[in-house]
Amino acid sequence: MLKENIQRLLAKNLYANKIAYDWLFNKRTSIIQNLVDNFKNDDYLTSVEKLKVFKEKIDKDSLIFFTRNITWDNLHIYGIWEGLFSNYISNSNEYFKSPAIEHGLIFHNEVYRDVRYTARMSCATFSNFRKEIIQSKFKIPVFCVGPYINYSSFFYDQNYINLKKKNFGKTLLVFPTHSTDSADIDVNQNLFCSNLKKIATNFDTVLINTFWWNINDPLTYKLESEGYKIISCGFRDDVSFLPRLKSYFEISDLVMGDSIGTHVGYALSCNIPFCYVPSGTKVELKLVDEIKDLDFVKKQQNKIAAAFLWSDSITEKQKELCNYYWGNNLIKSKEEIKEIVEINNDLIKMTYGFTGLTYYMAKKLLKKYYHEDDFVKYKLLKDAL
């Protein structure tokens, strides 16, 4: 409770928030930044051995793998900020000038620390599904920008990707359900492998895109022993995470998974069909905030699962669902993203960084844009309110 009270207090002002987190977690942040610098150029399509050693050290030696600095995290997780906003911020140390980012499609009827405690003037998320949930609990402008993968670069150049496509032939990209440090999974390995085998017979190459936390799990080694190629997008704070993922989609012809998550909308956004194959995998959440609304979560996931069950092509129903949950129809132009950053900066100037003034000042700013005939910013902000 004390921790949350301190976080709430720091979230009242953007500048105080950044100074406090940078000071409190300077040592840990420096350690993780070194990891990012060390990992960001690694080619996990060639080998994941380095990632295996890293996870082994976490398990055996309690190696530090996160910062506790939520402002730094918001800048790095999955490399989303890098693709979305970095081109419009001249100095990465001024990342707070951009909106906070929700780091994936959250099915929970809740708003988490990405938004609550980063003391930003606004927030970026996928679609109106999340916008409505956020604003029902937290008064902040919310910009819907669609799937973040659209703003990411490729990890590999196009010539290398073309070469891999030629060498791999028809390629299946597989997403096993993953766990985290705050959630465990129970996997029916035999059923997973049996289902995979049914689909894999139609492909020349099968790539198992393993989440870094599960890189040394029994299922991973079983799949590797059966001849499938293990790859990964890297660890959570690796800024090359999304560029790797985007490259893997570019190489693949079909994506398969035994759970519904952010990767589903990403696949369709990259024009790759997704096939949902239930395999009895169970996820056990540990955080109270995530357990309390599981019925709501399952209701959303079940709607999506039904539309993708054993599918091998993109349907109109799937597109409709991806528009609603992922905002595949809400992708913004480079100019619009630039304007969103400028709107965020205008709010910083008007509020002096005090987040309690944000929504009130946003409405005043909306009128200002209207009277100045700045209709691009007017529409963007109006849609965000």
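Okay, so let's go over this structure. It should be emphasised that the depicted structure is a prediction, and the values quoted were computed from it without experimental measurement.

**Looking at the sheet that holds strand β4 (residues 171-175)**
Thinking step 1. The strand order β7-β6-β4-β8-β9 describes an open sheet built from five strands, whose pairing is parallel. Each edge of the open sheet carries a strand with a single partner, namely β7 (229-231) and β9 (274-276). The sheet shows a mean angle of 25 degrees between the axes of neighbouring strands, direction not considered.
Thinking step 2. Here strand β6 (residues 205-209) pairs with β7 via three bridges, running parallel. Along β7, the bridge assignment pairs Ile208 with Ile230.
Thinking step 3. With respect to the sheet, helix α10 (residues 189-200) is in contact with β4, β6, β8 (254-257) and β9, its orientation differing from that of β4 by roughly 160 degrees.

**Focus: unusual backbone geometry**
Thinking step 1. Of note, the phi angle at Tyr352 is positive, near 55 degrees, even though the residue is not glycine.
Thinking step 2. By the element assignment, Tyr352 lies in the loop between α17 (334-351) and α18 (358-371).
Thinking step 3. Using a relative accessible area of 62% as the deciding quantity, one classes Tyr352 as exposed.
Thinking step 4. For Asp373, which is not a glycine, the phi torsion comes out positive at approximately 60 degrees.
Thinking step 5. Its place among the elements puts Asp373 in the loop between α18 and α19 (375-384).

Reading guide: rules and limits
Residues numbered from 1 in each chain as written. Predicted model: local features only at pLDDT ≥ 70, side-chain atom pairs only at ≥ 80, totals over all residues. Heavy atoms only, no water. Pairing = 2+ DSSP bridges. Helix = DSSP H or I, 4+ residues; strand = E, 2+ residues; numbered from the N terminus. Axes fitted to C-alpha atoms, helices over the stretch in contact; angles between N-to-C directions. Contact = heavy atoms within 4.5 Å. Buried < 20%, exposed > 50% of the residue type's maximum accessible area, 1.4 Å probe, protein only.

The quantities given are spatial measurements derived from coordinates; they are silent on function.
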